[in-house]
Amino acid sequence: IFQAPPSSLIEQSSKTDCVRMPTAAMEITEAAKSGDGTIINVGIRTTGTFKCQDCAQKFDTEKAKQLHWKFIHDPNRHQED
């Protein structure tokens, strides 16, 4: 369920009638970062130690790689449309 922020946090723009959300610094962990600055690797993690056997993704732990494979590549995993 989406809950709108308190009205004190919303700034109404008089020029465009859009709502501007407050700008706060976002902290992103190293494990969540991807790419190496090239177009070919947008969205692909290239700095991990454990490489997926089926794609270019790399992970910091064997467990993370196994979970990725289970949910992305496992042909026996049942998926509903």
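Residues numbered from 1 in each chain as written. Predicted model: local features only at pLDDT ≥ 70, side-chain atom pairs only at ≥ 80, totals over all residues. Heavy atoms only, no water.

A. Quick look at the pattern of salt bridges. If you walk through the whole model with that rule in mind, you get two salt bridges. Here D60 ties to R45 by a salt bridge, and the two come within 3.3 Å at their closest N and O atoms. Of this pair, D60 sits in the loop between β4 (58-59) and α1 (62-72) while R45 sits in the loop between β2 (19-20) and β3 (50-51), placing them 15 residues apart in sequence. Classification of R45 as buried rests on a relative accessible area of 10%. Salt-bridge contacts for E62 lead to K65; the nearest nitrogen and oxygen are separated by 3.3 Å. Of this pair, E62 and K65 are both found in helix α1, three residues apart, which corresponds to roughly one turn of the helix. (Salt bridge = Lys/Arg side-chain N within 4 Å of Asp/Glu carboxyl O. Helix = DSSP H or I, 4+ residues; strand = E, 2+ residues; numbered from the N terminus. Buried < 20%, exposed > 50% of the residue type's maximum accessible area, 1.4 Å probe, protein only.)

B. Examining a nonpolar patch on the surface more closely. Residues L67, F71 and I72 make up a contiguous nonpolar surface patch of about 280 Å² in total accessible area. Following the sequence through the fold, L67 ends up in helix α1. What makes L67 partly exposed here is its relative accessible area of 38%. (Patch = residues over 30% accessible without salt bridge, like charges linked within 9 Å, V, L, I, M, F, W, Y side chains within 5 Å. Areas by Shrake-Rupley, 256 points an atom, 1.4 Å probe, with all protein chains shown as cover.)

C. Structural context of the side chain of N41. Its place among the elements puts N41 in the loop between β2 and β3. N41 gets classed as buried once you look at its relative accessible area, which sits at 15%. Contacts of N41, omitting those with residues within four sequence positions, involve G35, D36 and T46. (Contact = heavy atoms within 4.5 Å.)

In short, shape yes, function no, at least from these values alone.
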